[in-house]
Amino acid sequence: MKQRVEDLDWKNLGFVYRDLPYRYEAKYKDGEWQEGKLVEDSTITLSEGAEVLHYGQEIFEGLKAYRREDGKINLFRPDQNAHRFTLSAQRLAMPPFPEDRFVEAVKQVVHANEEFVPPYDSGATLYLRPFMVGTSNVLGVQAADEYVFRIFAVPVGAYIKGLNPADYIVSDYDRAAYAGTGQAKTSGNYASSLLPSVEAHKNGYADCLYLDPREHKYVDEFGGANFYGITQEGQFVTPKSKSILISITKRSLLELAKEQGLNPVERQITLEEAFKMKEAGAMGTAAVISPVGSITYNGKKHVIYSETETGPVTTKLYNELVDIQYGKKKGPEGWVQTL
Ligand code: PLP
Ligand code: COI
């Protein structure tokens, strides 16, 4: 059933799928991307032999549209999502979707569903989910030769606990292999995180923290966000790893942290070192910046900063980022596109 705007409670949206009026669809066949268009049908019809159903040829993106105080709408670095989509496509042997068309299609979906962009100050945003799947029939393991690219939109609230500290547990499982698909935004990485996250949720944790898959010694990332820590010396540190997603929020914070004199660095961070951080957090489009209250490992809980309060550096970074996204503050050139 189509979502009616009058049935939405902007302050209690959660992070759930809703069937909005319009989505964008383009198909790839005969070696090229066809012209795309907005469509109303939220379903995709697939053959039982479709590649994605067997060998998981799927990639996706996540970005948000923000309602500004003046009523206009901001997109945050959509060109970066378009580019990462290209990199993910290459890793999954899929035909890249032209990056300029990606950004244009995102704008079309926002405009078409404009009444679903939550009001300024509601704390909610319109989340956009571009994705691509291999649709042609295969039996042997091989890449598809037909694809569907789609972008749907959903109004959302906080993904983790917003700016409230959350508890995490270190997973015994890996979500991505060292030279595997961790740097690509592809469904398989998330499929492998489902069992660990079900167990984590059952035990009261917000999500898992994954370690590097080769040595299980260094921090990799959370199931749906990158990790950062603020050292006792006040430095912003975030893992450098071949098996994590190259987060756009992370790359943005590396720049903002530099402006704030936090001497940011990407390097390996041992789990032991992470336990001693002054502050730590999760960062991502859905997560925004969400403080880590504790990390449990081998049955021992390590509290980082506080389980109930958010540290000053995290608060400052959060405000800086969110103010730029909503257009309250001018960010670096090209970060925000206003519709
Ligand atoms: N890591 C994982 C596994 C994610 O799913 C996400 C979300 O997109 C991120 C990190 C954060 O990336 P970004 O800041 O580009 O949203
Ligand atoms: C995002 O932040 O856009 C993501 O894709 C994370 C996902 C786990 C919701």
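Residues numbered from 1 in each chain as written. Chains lettered and ligands numbered in written order. Predicted model: local features only at pLDDT ≥ 70, side-chain atom pairs only at ≥ 80, totals over all residues. Heavy atoms only, no water.

Trainee: When you look at the packing of helix H2 (residues 78-91) against helix H3 (residues 99-112) in this model, what are you seeing that I'm missing?
Mentor: What describes two packed helices is the angle between their axes and the distance between those same axes. At their nearest, the axes of H2 and H3 sit 9 Å apart, and the two run at 130° to each other. In this view, H2 runs oblique relative to H3, as classed from their interaxial angle. Once H2 is placed against H3, the crossing between them reads as right-handed. Side by side, H2 and H3 meet where Pro78, Asp79, Asn81, Ala82, His83, Phe85 and Thr86 of the first sit next to Glu99, Phe102 and Val103 of the second. When grouped by side-chain class, the residues that make up the contact of H2 with H3 number five nonpolar, three polar and two charged. (Axes fitted to C-alpha atoms, helices over the stretch in contact; angles between N-to-C directions. Helix = DSSP H or I, 4+ residues; strand = E, 2+ residues; numbered from the N terminus. Parallel < 35°, antiparallel > 145°, perpendicular 65-115°, else oblique. Left-handed = near helix turned anticlockwise from the far one by under 90°. Contact = heavy atoms within 4.5 Å. Nonpolar A, V, L, I, M, F, W, Y, C, P; charged D, E, K, R; others polar.)

Trainee: What is the right way to look at the nonpolar core in this model?
Mentor: Buried together is how nonpolar side chains tend to be arranged in soluble globular proteins. By size, the foremost hydrophobic cluster in this structure holds 36 residues, and its most contacted members are Phe97, Val110, Leu128, Met132 and Phe149. Of all elements in the fold, only strand S1 (23-29), strand S5 (63-67), strand S6 (73-76), H2, H3, strand S7 (125-134) and strand S8 (147-156) reach the threshold of two or more residues within this core. Counting residues per element, this core draws most heavily on H3, at six residues. For Val110, the contacting residues outside a window of four places in its chain are Ala65, Ile73, Leu75, Val117, Leu126, Leu128 and Leu339. In this structure, Ala166, Tyr168, Ala280 and Ala287 belong to the second largest nonpolar core, which totals 21 residues. (Core = buried A, V, L, I, M, F, W, Y, C linked by side-chain atoms within 4.5 Å. Buried < 20%, exposed > 50% of the residue type's maximum accessible area, 1.4 Å probe, protein only.)

Trainee: What exactly am I supposed to notice about H2 here?
Mentor: Given 3.6 residues per turn, any residue in an α-helix points the same way as the ones three and four places further on. Between its first and last C-alpha atoms H2 spans 20 Å; for 14 residues at 1.5 Å apiece the expected length is 20 Å, and the two agree. Along H2, the positions that sit buried rather than exposed are Pro78, Gln80, Asn81, Ala82, Arg84, Phe85, Thr86, Ser88 and Ala89. One or two steps after H2, the chain reaches Ala93, where phi turns positive at roughly 55°. (Expected span 1.5 Å × (residues − 1).)

Trainee: Help me out: how do you make sense of the site of ligand 1 in this one?
Mentor: Around ligand 1, the structure places 17 residues, and the nearest of them are Tyr190, Glu221, Ser247, Thr249 and Thr285. The contact in question runs from an oxygen atom of ligand 1 to an N or O atom on the side chain of Tyr190, over 2.5 Å. Coverage of ligand 1 by the protein amounts to 97% of the 390 Å² it exposes when considered alone. Taking a 2 Å distance to the grid points as the criterion, the majority of the atoms of ligand 1 fall inside the largest pocket. Only strand S11 (219-222), helix H5 (248-259) and strand S15 (279-284) provide two or more residues apiece to the shell around ligand 1. Its residues assigned to classes, the shell around ligand 1 comprises six nonpolar, seven polar and four charged. (Near = heavy atom within 4 Å. Polar contact = N/O pair within 3.5 Å; in protein donor to acceptor, adjacent residues only side chain to side chain. Areas by Shrake-Rupley, 256 points an atom, 1.4 Å probe, with all protein chains shown as cover. 1 Å grid on protein atoms, 1.4 Å probe; cavity = no way out; pocket = protein on both sides within 12 Å on 5 of 7 lines; lining within 4 Å. Sits in = over half its atoms within 2 Å of the grid points.)

Trainee: Before we go on, may I ask you to explain the environment of Met1 in this structure?
Mentor: With respect to the helices and strands, Met1 occurs in the segment before S1. For Met1, a relative accessible area of 93% puts it in the exposed group. In sequence terms Met1 and Ala153 are 152 residues apart; their C-alpha atoms lie 15 Å from each other.

Trainee: Which parts of the structure should I look at to understand empty space enclosed by the protein?
Mentor: Left-over empty space is what a probe sized like a water molecule reveals as it rolls over the atoms. Evaluation of the coordinates by the stated rule reveals three cavities of 30 Å³ or more. Taken as a whole, the largest cavity holds about 70 Å³ of empty space. Around the largest cavity sit Gly62, Leu63, Lys64, Tyr66, Phe76, Asn81, Ile248, Thr249, Thr285 and Gln325, which together line it. Elements that contribute at least two residues to the lining of the largest cavity include exactly S5 and H5. For the lining of the largest cavity, the leading source of residues is S5, giving three residues. When its residues are assigned to classes, the lining of the largest cavity shows four nonpolar, five polar and one charged. (Points joined across faces, edges and corners; volume = space filled by probe spheres on them.)

Trainee: Quick question: what am I supposed to make of the pattern of salt bridges here?
Mentor: Two side chains of opposite charge can pair, provided their charged atoms sit close to one another. For the structure shown, the criterion picks out 16 salt bridges. Arg4 is the salt-bridge partner of Glu6, the closest N and O atoms lying 3.8 Å from each other. The exposure class assigned to Glu6 is exposed, which follows from its relative accessible area of 56%. One salt bridge in this structure joins Arg67 and Glu114, with 3.8 Å as the shortest N-O distance. Of this pair, Arg67 sits in strand S5 while Glu114 sits in the loop between H3 and S7, placing them 47 residues apart in sequence. Its relative accessible area of 14% is what places Arg67 among the buried residues. (Salt bridge = Lys/Arg side-chain N within 4 Å of Asp/Glu carboxyl O.)

Trainee: How should I be thinking about the site of ligand 2 in this particular structure?
Mentor: The immediate surroundings of ligand 2 are formed by Phe15, Phe60, Gly62, Tyr127, Arg129, Tyr159, Lys185, Gly224, Thr285 and Ala286. A distance of 2.6 Å separates an oxygen atom of ligand 2 from a polar side-chain atom of Tyr127. Ala286 has a polar backbone atom sitting 2.8 Å from an oxygen atom of ligand 2. Its atoms largely coinciding with the cavity grid, ligand 2 occupies the largest pocket.

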